Amino acid sequence: MMQNDGQWIDRFEGLKSLPPPDLRAALVSGSSVVSLEEGTQIFAPGQSADNLLLLLDGTVRVQQKSETGREVFLYRVQAGESCVLTTACMLAFEDYAADGVAETDVRAVTIPRETFDSLAAKSSVFREFVFKAYSRRITDLFTLIDDIVFQRMDVRLAARLLDLATDNVVHATHQMLGTELGTAREVVSRTLSEFQRRGWIEQHRGEIRLVGREGLQRLVHSAGEM
């Protein structure tokens, strides 16, 4: 646990206008800044949601496992965002139904239920911050459902590669990409093989290089024009 000096508040756009001094002081004194190592299980199905998570650094991956054991990627929490599943569980007094895992080393603010409930009752600024984040993520999840049901897998995979690439390199296995897209590893492998045949990618152990980024972009754009 790290010292909480409250300077992190201004990193969250919706909290900048939280009225000083009382409400800001209540948020600072009632919260903690924590550091978590890559791979840490932050929450799991069946656990109670006792702290709202506001991410300062790193990424948290939220995914759900089906009855058949297949993992389905739901969303990532990035720096400057809150975990909307935690928000939903805290508001409804429900246990988690998904996993949250630190994809990288993470630094985050944890706001316990007592502080969360008090600020939500007293501050319209805090309530707006919570519900705006909730609304944005629900929209993202509906987009995910639409993609899974209606979009072609090659288009979805091309878009995901473009989104995940850093300096035209994606560090991911076929299984990881299958989880991201809610499909089987074998489907990802076949599609990647086709991308490689077209000269769009090169595959190496644990990474994919985008050597023909323009081809992937054309595939994604052509699907959007249909």
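From a predicted model like this one, the values you see are computed outputs, not experimental measurements.

Cut-offs applied
- Numbering of residues starts from 1 in every chain and runs along the sequence as written.
- Owing to the predicted nature of the model, reporting of local features is limited to residues with pLDDT of at least 70; listing and counting of side-chain atom pairs is limited to 80 or more, with chain, interface and lining totals taken over all residues.
- To obtain the side-chain values, all non-hydrogen atoms of the structure were used and water was disregarded.
- Any two strands between which DSSP finds at least two bridges are classified as paired.
- Think of it this way: any DSSP run of H or I at least four residues long counts as a helix, any run of E at least two long counts as a strand, and we number them from the N terminus.
- A fitted line through C-alpha atoms represents every axis, and for helices the fit uses only the stretch in contact; the resulting angles, taken between N-to-C directions, go from 0 to 180 degrees.
- Any two residues whose heavy atoms approach within 4.5 Å at even a single point are treated as in contact.
- An angle counts as roughly parallel when it lies under 35 degrees, as roughly antiparallel when it exceeds 145, as roughly perpendicular when it falls between 65 and 115, and as oblique in every other case.
- Each crossing gets its hand from how the near helix is turned against the far one by less than a right angle, where anticlockwise is left-handed and clockwise is right-handed.
- Amino acids are sorted into nonpolar (Ala, Val, Leu, Ile, Met, Phe, Trp, Tyr, Cys and Pro), charged (Asp, Glu, Lys and Arg) and polar (every other residue, Gly among them).
- UniProt positions are given in the numbering used here, feature names are shortened, and annotations may be inferred rather than shown by experiment.
- The pocket and cavity definitions rest on a 1 Å grid over protein atoms only: a 1.4 Å probe that fits but cannot leave marks a cavity, an open set with protein on both sides within 12 Å along at least five of seven lines marks a pocket, and residues lining either have an atom within 4 Å of a point.
- Grid points are joined across faces, edges and corners, and a volume is the space filled by probe spheres set on the points.
- Just so you know, the domain bounds were taken from an automatic or database domain assignment.
- Only protein chains enter the accessibility calculation, which uses a 1.4 Å probe; a residue whose area is less than 20% of its type maximum is buried, one above 50% is exposed, and one in between is partly exposed.
- Simply put, the buried area is the total loss of 1.4 Å probe accessible area from both parts when two parts are fitted together.
- Salt-bridge detection follows one rule: a side-chain nitrogen of Lys or Arg within 4 Å of a carboxyl oxygen of Asp or Glu.
- The definition of a polar contact used here is a pair of N or O atoms within 3.5 Å, where within protein one atom must be able to donate a hydrogen and the other to accept one, and adjacent residues in sequence count solely through side-chain atom pairs.

Trainee: Could you clarify how one ought to interpret the sheet that holds strand S3 (residues 51-57) in this entry?
Mentor: Within a sheet, neighbouring strands are paired by backbone hydrogen bonds and run either parallel or antiparallel to one another. Spatial strand order, S1-S7-S3: 3 strands in an open sheet with antiparallel pairing. For this open sheet the edge positions go to strand S1 (32-36) and S3, each flanked by a neighbour on one side alone. Across the sheet, the axes of successive neighbouring strands diverge by a mean angle of 30 degrees, strand direction being ignored. Taken together, the 6 bridges between S3 and strand S7 (residues 106-112) define a ladder with antiparallel strand orientation. Within S7, the residue paired with Asn 51 across the bridge is Pro 112. Strand contacts of helix H2 (residues 84-92): S3 and S7, with the helix running at about 165 degrees to S3, the strand carrying the most contacts.

Trainee: It is not clear to me how the packing of helix H5 (residues 153-164) against helix H6 (residues 174-181) should be interpreted in this structure. Could you clarify?
Mentor: Direction vectors running N to C along H5 and H6 enclose 110 degrees, while the axes themselves pass 11 Å from each other. Accordingly, the angle class assigned to the pair H5 and H6 is roughly perpendicular. Relative to H6, H5 is oriented so that their crossing is right-handed. Across from Met 153, Arg 156, Leu 157, Arg 160, Leu 161 and Leu 164 in H5, the residues of H6 making contact are Leu 177, Glu 180 and Leu 181. Looking at the contact of H5 with H6 residue by residue, the classes come out as 6 nonpolar, no polar and 3 charged.

Trainee: Just to check I follow, could you spell out the UniProt feature "domain: HTH crp-type" (unreviewed entry) in the chain for this structure?
Mentor: As annotated by UniProt and renumbered to match this structure, "domain: HTH crp-type" (unreviewed entry) occupies residues 151-214. Spanning residues 151-214, this segment combines 55% helix with 16% strand, and its end C-alpha atoms are found 20 Å apart.

Trainee: I would appreciate a short explanation of the layout of surface pockets in the present structure.
Mentor: A probe matching the size of a water molecule, rolled over the atoms, marks out where space remains unfilled. Considered as a void within the structure, the largest pocket measures approximately 850 Å³ in volume. Together, 31 residues line the largest pocket, and Arg 76, Arg 160, Asp 163, Leu 164 and Glu 180 are the ones closest to its centre. Partitioned by chemical class, the residues of the lining of the largest pocket number 14 nonpolar, 7 polar and 10 charged. Taken domain by domain, the makeup of the lining of the largest pocket includes at least three residues from each of domain 1 (9-122) and domain 2 (150-224). Roughly 340 Å³ of volume is contained in the second largest pocket. In terms of lining residues, the second largest pocket is bounded by 17 residues, among which Gly 80, Phe 129, Lys 132, Ala 133 and Arg 136 are the most central.

Trainee: Would you mind going over the environment of Leu 210 with me for this structure?
Mentor: As for its placement among the helices and strands, Leu 210 is situated in strand S10 (residues 207-210). What makes Leu 210 buried here is its relative accessible area of 5%. Considered as a pair, Leu 210 and Gln 196 are 14 residues apart in the sequence and their alpha carbons are 9.4 Å apart. Apart from the residues within four sequence positions on either side, Leu 210 is in contact with Leu 161, Leu 162, Ala 165, Asn 168, Trp 200, Ile 201 and Leu 216.

Trainee: Before we go on, may I ask you to explain the packing of H6 against helix H7 (residues 185-197) in this structure?
Mentor: Helix-helix packing is characterised by the crossing angle of the two axes and by the distance between the axes. Relative to each other, H6 and H7 sit at 110 degrees, their axes nearing to 8 Å. Relative to H7, the element H6 lies roughly perpendicular. Contacts between H6 and H7 involve His 174, Gln 175, Leu 177 and Gly 178 on the former and, on the latter, Arg 185, Val 188, Ser 189 and Leu 192.

Trainee: Sorry, what's going on with the domain arrangement of the chain here?
Mentor: Put simply, an interface is often sized by how much accessible area is lost when its parts join up. On domain assignment, one finds that the chain holds domain 1 (9-122) and domain 2 (150-224). For domain 1 versus domain 2, the distance between C-alpha centres works out to 30 Å. The junction of domain 1 with domain 2 conceals about 570 Å² of combined surface from both sides, 44% of it contributed by carbon and sulfur atoms. If you sort the residues of domain 1 by the area they bury against domain 2, Arg 70, Phe 73 and Arg 76 come out on top, with a joint share of 63%. One can count 2 salt bridges joining domain 1 with domain 2. Here Glu 180 ties to Arg 76 by a salt bridge, and the two come within 2.3 Å at their closest N and O atoms. Summed over the shared surface of domain 1 and domain 2, the number is 3 residue pairs in polar contact (both at pLDDT 80 or more). Where the side of domain 1 that touches domain 2 is concerned, the elements lending two or more residues are strand S4 (60-65) and strand S5 (71-77). Looking at the side of domain 1 that touches domain 2 element by element, the count peaks at 4 residues for S5.

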